[in-house]
Amino acid sequence: SWSQENKVWVLPIEGEITTATAQFVRSKVQQANTQQPLALVFYIDTPGGQIIAAERIVNTILNDTQVPTIAVVANAISAGAIIAMSAEQVAMLPGSSIGAATAINAFTGENAGEKVNSYWRSQFRAVAEARNRNADVAEGMVSERIEIPGLSTSEELITLSADRAVEYDIADIKASSLSDALEQLGYGGAETTRLELNLAERLAGYLANPLIAALLLVIGIGGIIFEALTPGFGLPGAIGVIALVLLASGLFIATPVGTVDILLMVAALVLL
């Protein structure tokens, strides 16, 4: 619309990346496609998160966004790195870093198997190639076996400072601030609008954490089983129901509901 002609939207990707983050990005991209701001800035400050959520975000940025995209990086570790590289232009802030992206098992904290990491490496390479970035360096963020002379040995993952991210063609510019990045990239003087998560989206972000979701599932099922084995209906059953409602609420907000989801919920209620 006319009112967005001189505006740049800033979409924060902060904290752990979950399916709720992916849905937040998707909804705001759809809004940007309709209202057509000058550009959509992804302000990235994250230690990483879920691979499936990062893939959804990358797919949204690469394939669905119909306005210019910019990543402004405070820190883009692990899944945050591939999200940053998927933007058309990347700016690194002072003290920022990008990389260290080996896939980790969320429950054990151990490195994921080679099958998962092989796939993850191919995704990093594909995104880097799509944006004409250094694909070898991108792949080296995932695997320590990839050696880049002068940058990394065969025993360490690649993590780049702001200077080196520009030097090795992962980022486009260094900037002293968000406004400086916009100035350098041709958006000086544009009004910025920060898109914040609402209360429901924030709650979904917490509930979409795999450990919290697993805990809610265990409490929910445990409470209902305990209640089924004792007369009447008391505190364990109530706690179980509340836990399952919280789990379902987080999933409902974080992931668009389809026909299959509705049928499964109806079937679950009938079985209960």
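Here, the structure is the one placed above.
Let me begin by describing the structure that accompanies this report. Computed from a predicted structure; not experimentally measured.

1. Thoughts on the nonpolar core
- Formed by 54 residues in total, the largest nonpolar core has its most connected members in Ile 83, Ile 98, Phe 124 and Met 141.
- If one sorts the elements of this core by residue count, helix H3 (residues 79-86) sits on top with six residues.
- Excluding its chain neighbours within four sequence positions, the residues that come into contact with Phe 124 are Ser 78, Ala 81, Ile 82, Met 85, Ala 101, Ala 138, Met 141 and Val 142.
- The next biggest cluster of nonpolar side chains, apart from the first, holds 17 residues, and it includes Val 8, Ile 70, Leu 93 and Leu 185.

2. Re the pairing of strand S4 (residues 89-92)
- The pairing of strand S3 (residues 69-77) with S4 spans four bridges and is classified as parallel. The partner of Val 72 across the bridge, within S4, is Ala 91.
- Handedness of the crossover joining S3 and S4 through H3: right-handed.
- Relative to strand S7 (residues 173-174), S4 runs parallel, the two being bridged by two bridges. Its bridge partner lying in S7, Met 92 is registered against Lys 174.

3. So, the side chain of Arg 131
- Inspection of the secondary structure assignment puts Arg 131 in the loop between helix H4 (114-130) and helix H5 (135-140).
- At 2.6 Å, the side chain of Arg 131 forms a polar contact with the backbone oxygen of Ser 86.
- Dropping the residues within four chain positions of it, Arg 131 is found in contact with Ile 61, Leu 62, Thr 69, Met 85, Ser 86, Ala 87 and Glu 88.

4. Notes on a nonpolar patch on the surface
- There is a patch of nonpolar side chains on the surface, built from Leu 215, Ile 219, Leu 235 and Ile 239 and spanning about 370 Å² of accessible area.
- Mapped onto the nonpolar patch, the elements with two or more residues apiece are helix H9 (210-228) and helix H10 (235-254).
- Turning to its location among the elements, Leu 235 is positioned in helix H10.

5. Some points on the packing of aromatic side chains
- Under the counting rule described, the total for this entry stands at one aromatic pair.
- Each ring, one from Trp 120 and one from Phe 124, has its centre 5.1 Å from the other, and the planes form 75°; the classification is edge-to-face. Placement of the pair is Trp 120 and Phe 124 together in helix H4, with a separation of four residues, close to one helical turn. The pair Trp 120 / Phe 124 is uniform in exposure class, with both members buried.

6. Here's the deal with H3
- Counted residue by residue, H3 has eight buried out of eight residues, so it is predominantly covered.
- When H3 is considered as a whole, its buried residues turn out to be Ala 79, Gly 80, Ala 81, Ile 82, Ile 83, Ala 84, Met 85 and Ser 86.

7. Observations regarding unusual backbone geometry
- The phi dihedral of Asn 132 is positive, around 55°, even though this residue is not glycine.
- Relative to the elements of secondary structure, Asn 132 occurs in the loop between H4 and H5.
- Residue classification places Asn 132 among the exposed positions, given a relative accessible area of 71%.
- One non-glycine residue, Asp 169, lies in the positive phi region at around 60°.
- With respect to the secondary-structure elements, Asp 169 resides in the loop between helix H6 (162-167) and S7.

Each value, and the rule that gives it
- Residues numbered from 1 in each chain as written.
- Predicted model: local features only at pLDDT ≥ 70, side-chain atom pairs only at ≥ 80, totals over all residues.
- Heavy atoms only, no water.
- Core = buried A, V, L, I, M, F, W, Y, C linked by side-chain atoms within 4.5 Å.
- Buried < 20%, exposed > 50% of the residue type's maximum accessible area, 1.4 Å probe, protein only.
- Helix = DSSP H or I, 4+ residues; strand = E, 2+ residues; numbered from the N terminus.
- Contact = heavy atoms within 4.5 Å.
- Pairing = 2+ DSSP bridges.
- Right-handed = clockwise from strand over helix to strand, strands pointing away.
- Polar contact = N/O pair within 3.5 Å; in protein donor to acceptor, adjacent residues only side chain to side chain.
- Patch = residues over 30% accessible without salt bridge, like charges linked within 9 Å, V, L, I, M, F, W, Y side chains within 5 Å.
- Areas by Shrake-Rupley, 256 points an atom, 1.4 Å probe, with all protein chains shown as cover.
- Salt bridge = Lys/Arg side-chain N within 4 Å of Asp/Glu carboxyl O.
- Phe/Tyr/Trp six-rings, centres within 6.5 Å; stacked < 30°, edge-to-face > 60°.

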